[in-house]
Amino acid sequence: MCSCNVLTDKELRRAARELQSGPNGVIATPGAVFRALGKRPRCGGCFTSIIPIIHEEAPEDRKAAGGNRENSDEG
């Protein structure tokens, strides 16, 4: 998934999942995922592929909260 750092989709998913499911429940960013893997982004070209991975690996309660937040802004 990241050819500069030779990171696989599986590694990126695991890091995103671990970041977001920890006790602090951080909102993962591509940079945070790289740091969790002990890497630094180089060209950043993979960020557009990593962002959907972060959303897909978010805990179910955060996914639901994201949908509700969108609705709560209306009223």
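A brief look at the structure comes next.

## Re the packing of aromatic side chains
How two aromatic rings sit relative to each other is given by the distance of their centres and the angle of their planes.
Next up, step 1: One pass over the full model with this rule turns up one aromatic pair.
Next up, step 2: Aromatic pair Phe34 and Phe47: ring centres 6.0 Å apart, planes at 45°, arrangement tilted. In this pair, Phe34 is assigned in helix H2 (residues 30-36) and Phe47 in helix H3 (residues 47-56), connecting sequence segments 13 residues apart.
Next up, step 3: Note on Phe34: relative accessible area 0%, which makes it buried.

## Quick look at the environment of Arg13
Next up, step 1: The residue Arg13 is located in helix H1 (residues 9-21) in this model.
Next up, step 2: Residue Arg13 is classed as partly exposed on the basis of its relative accessible area, which comes to 21%.
Next up, step 3: Distance from Arg13 to Ile50, taken between C-alpha atoms, is 8.5 Å for residues 37 residues apart in sequence.

## Focus: H3
Next up, step 1: Every buried residue of H3 is accounted for by Ile50, Ile53 and Ile54. The buried side chains of H3 occupy one side of the element, clustering within an arc of 100° when seen end-on. Turned more than 90 degrees from where H3 packs its buried face, Thr48 and His55 sit exposed.
Next up, step 2: Looking at the buried residues of H3, the elements they touch are H1 and H2.

## A word on the nonpolar core
Next up, step 1: Formed by Cys2, Leu7, Leu12, Ala15, Ala16, Ala28, Val33, Phe34, Leu37, Cys46, Ile50 and Ile54, the largest nonpolar core amounts to 12 residues.
Next up, step 2: Going through the elements one at a time, H1, H2 and H3 are the ones with two or more residues in this core.
Next up, step 3: The element contributing the most residues to this core is H1, with three residues.
Next up, step 4: Once residues within four sequence positions are removed from consideration, Leu12 is found in contact with Met1, Leu7, Val33, Leu37, Ile50 and Ile53.

The rules behind these values
Residues numbered from 1 in each chain as written. Predicted model: local features only at pLDDT ≥ 70, side-chain atom pairs only at ≥ 80, totals over all residues. Heavy atoms only, no water. Phe/Tyr/Trp six-rings, centres within 6.5 Å; stacked < 30°, edge-to-face > 60°. Helix = DSSP H or I, 4+ residues; strand = E, 2+ residues; numbered from the N terminus. Buried < 20%, exposed > 50% of the residue type's maximum accessible area, 1.4 Å probe, protein only. Arc of directions from axis to C-beta. Contact = heavy atoms within 4.5 Å. Core = buried A, V, L, I, M, F, W, Y, C linked by side-chain atoms within 4.5 Å.

None of this, on its own, says anything about what the molecule does.
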